[in-house]
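If you want the building blocks of each chain, they are given just below.
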Amino acid sequence: MNIAFIGLGNMGGPMALNLQKAGHEVQAFDLSKPACDKWAEQGLSIAASAADAVRGAQAVISMLPASQHVESLYLGDTGLLAQLATGTLVIDCSTIAAASAQKVAQAAAARGLPCIDAPVSGGTGGAIAGTLTFMVGGDDAALALARPLLEKMGANIFHAGAAGAGQTAKICNNMLLGILMIGTSEALALGVANGLDPKVLSEIMRRSSGGNWALEKYNPMPGVMDNVPSSKGYAGGFGTDLMLKDLGLAQENAAAVKASTPLGGLARNLYAAHSLGGQGALDFSSVIQLLQKR
Ligand code: NAD
């Protein structure tokens, strides 16, 4: 299949490469030249613009930072939806507001384009390994068309509901992730302040009732795990500012339905303080720095 892939960041680059390795013809594009150069070196074919990338494409996949990037890519007279042939499949994997995903889905439906929101979980490790979890919003027919492509990038595909439902599920998950990363950091910092070895403490908690994804796959304390952002100066991974965006979306959702999310609100404020301290571009697990003596 001819696929246009837009957004070659920490997640999009490896996802596009997995589609190409599976035998698809991928035309990729990113606004950042360094990102294009990096993935061209890995063998991806880079288009000169998003419009060039979608020429002749049967499917378009996007992996962009936030709602405004997705809306400006797809909507309006110069947006991609206006340029796609009827029947072209649209898959947005970015984490954005459910309302933005619904706007894109409605505009796609008006043009006869099957469309799903399919945000992901699993981190950059999951993107590289092709083991992401997809949380899909949209109708059954569009998901059926997308499934063979999603299966090349992920190991789990969940149909959360109608357009926007994938985003709602993703925001619930990331609110929990944001909270548990801070809780894990707090516990590790407490143990280390009392003289414990962080590796030993991590293993004790991982196998005890405090066990969680951060301890399994993404330990925030440098040196405990290889190949995670904390052991690489918090480079790459999932940026603090992206986590801050997701926790903001969770708070907006909560306000809209009058839900009580006190820990989600506190977590958002802690990541905001970390970002204000100049660490917004570091991986979100660097939030442990707020809780440690320096
Ligand atoms: P990133 O910042 O590394 O990459 C985003 C890329 O999009 C950048 O290279 C940027 O230049 C490009 N871009 C922005 N606007 C563009 C446009 N109009 N056209 C073309 N390219 C454009 O972000 P990421 O970590 O890859 O995350 C992407 C999305 O996935 C975000 O919504 C994030 O919340 C979500 N996500 C990230 C992770 C993770 O672990 N990094 C995990 C799950 C979900």
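Residues numbered from 1 in each chain as written. Predicted model: local features only at pLDDT ≥ 70, side-chain atom pairs only at ≥ 80, totals over all residues. Heavy atoms only, no water.

**Student:** Give me the lowdown on the UniProt feature "domain: 6-phosphogluconate dehydrogenase NADP-binding" (unreviewed entry) in the protein, citing residues and values where you can.
**Tutor:** UniProt records the feature "domain: 6-phosphogluconate dehydrogenase NADP-binding" (unreviewed entry) for residues 2–161 in the present numbering. Helix makes up 41% of residues 2–161 and strand 24%. Its end C-alpha atoms lie 27 Å apart. (UniProt positions renumbered as here; feature names shortened; annotations may be inferred. Helix = DSSP H or I, 4+ residues; strand = E, 2+ residues; numbered from the N terminus.)

**Student:** Which residues make up the site of the ligand, and what values do they have?
**Tutor:** The environment of the ligand is formed by 21 residues, the closest being Asn10, Met11, Asp30, Pro65 and Lys245. In the model, an oxygen atom of the ligand is placed 2.9 Å from a nitrogen or oxygen of the Asn10 main chain. Taking Lys245, its side chain carries an N or O atom lying 2.8 Å from an oxygen atom of the ligand. Mapped onto the domain boundaries, the shell around the ligand takes at least three residues apiece from domain 1 (2–162) and domain 2 (168–290). (Near = heavy atom within 4 Å. Polar contact = N/O pair within 3.5 Å; in protein donor to acceptor, adjacent residues only side chain to side chain. Domains from an automatic or database assignment.)

**Student:** Could you give an account of the packing of helix H8 (residues 165–193) against helix H12 (residues 262–279), naming the residues involved and the relevant values?
**Tutor:** Here H8 crosses H12 at 65°, and the two axes come no closer than 9 Å. Put simply, H8 runs roughly perpendicular to H12. Our pair here, H8 against H12, has a crossing hand that is left-handed. Counting all contacts with H8, which are made through Met175, Gly178, Ile179, Met181 and Ile182, the residues of H12 involved are Leu263, Gly264, Ala267, Leu270 and Tyr271. (Axes fitted to C-alpha atoms, helices over the stretch in contact; angles between N-to-C directions. Parallel < 35°, antiparallel > 145°, perpendicular 65-115°, else oblique. Left-handed = near helix turned anticlockwise from the far one by under 90°. Contact = heavy atoms within 4.5 Å.)

**Student:** Which residues make up the packing of H8 against helix H9 (residues 198–206), and what values go with them?
**Tutor:** Contact pair H8 / H9: the axes reach a minimum separation of 10 Å and the direction vectors enclose 135°. As far as their axial angle goes, H9 and H8 are oblique. Between H8 and H9 lies a crossing of right-handed hand. When H8 is examined against H9, the residues Ala187, Leu188, Gly191 and Val192 are found in contact with a partner set consisting of Pro198, Leu201, Ser202 and Met205.

**Student:** Got a sec to walk through unusual backbone geometry? Specific residues and values, please.
**Tutor:** Located in the positive-phi region is Asn227, a residue other than glycine, with phi close to 60°. With respect to the secondary-structure elements, Asn227 resides in the loop between helix H10 (213–217) and helix H11 (240–257). With a phi angle near 60°, Tyr234 is a residue other than glycine that sits in the positive phi range. Relative to the elements of secondary structure, Tyr234 occurs in the loop between H10 and H11.

**Student:** Explain H11 to me, using residue names and the numbers behind them.
**Tutor:** If you check H11, its first and last C-alpha atoms are 26 Å apart, about what 18 residues at 1.5 Å a residue would give, namely 26 Å. For H11, the complete set of buried residues consists of Thr240, Met243, Leu244, Asp246, Leu247, Gly248, Leu249, Ala250 and Ala254. Of the residues flanking the end of H11, it is Lys258, one or two places downstream, whose phi is positive at about 55°. (Expected span 1.5 Å × (residues − 1). Buried < 20%, exposed > 50% of the residue type's maximum accessible area, 1.4 Å probe, protein only.)

**Student:** I'd like to hear about the pattern of salt bridges, residue by residue, with values.
**Tutor:** For the coordinates displayed, the defined rule picks out 7 salt bridges. A salt bridge links Glu216 to Arg206, with the nearest nitrogen and oxygen atoms 3.3 Å apart. Pair noted here: Glu216 is in helix H10 and Arg206 is in helix H9, with a separation of 10 residues, a long-range link. Glu216 sits in the partly exposed class, given a relative accessible area of 41%. For Asp246, the salt bridge identified is with Lys245, shortest N-O distance 3.1 Å. Its relative accessible area of 1% is what places Asp246 among the buried residues. (Salt bridge = Lys/Arg side-chain N within 4 Å of Asp/Glu carboxyl O.)

**Student:** How would you explain the environment of Gln83 if you had to name every residue and give the values?
**Tutor:** Mapped onto the elements, Gln83 comes out in the loop between helix H4 (67–74) and strand E5 (89–92). Separated by 26 residues in the primary sequence, Gln83 and Ala57 place their C-alpha atoms 11 Å from one another. Discounting chain neighbours no more than four positions away, the residues touching Gln83 are Ala51, Val54, Thr78 and Arg111. A polar side-chain atom of Gln83 sits 3.4 Å from the main-chain carbonyl oxygen of Gly79.

**Student:** Describe in detail the pairing of strand E1 (residues 2–6), supporting the description with residues and values.
**Tutor:** For E1, a buried count of 4 out of 5 residues is recorded, marking the element as mostly surrounded by other parts of the structure. Pairing of E1 with strand E2 (residues 25–29) involves 5 bridges; the strand directions are parallel. Note that in E2 the partner of Ala4 across the bridge is Gln27. Handedness of the crossover joining E1 and E2 through helix H1 (residues 12–21) is recorded here as right-handed. (Pairing = 2+ DSSP bridges. Right-handed = clockwise from strand over helix to strand, strands pointing away.)

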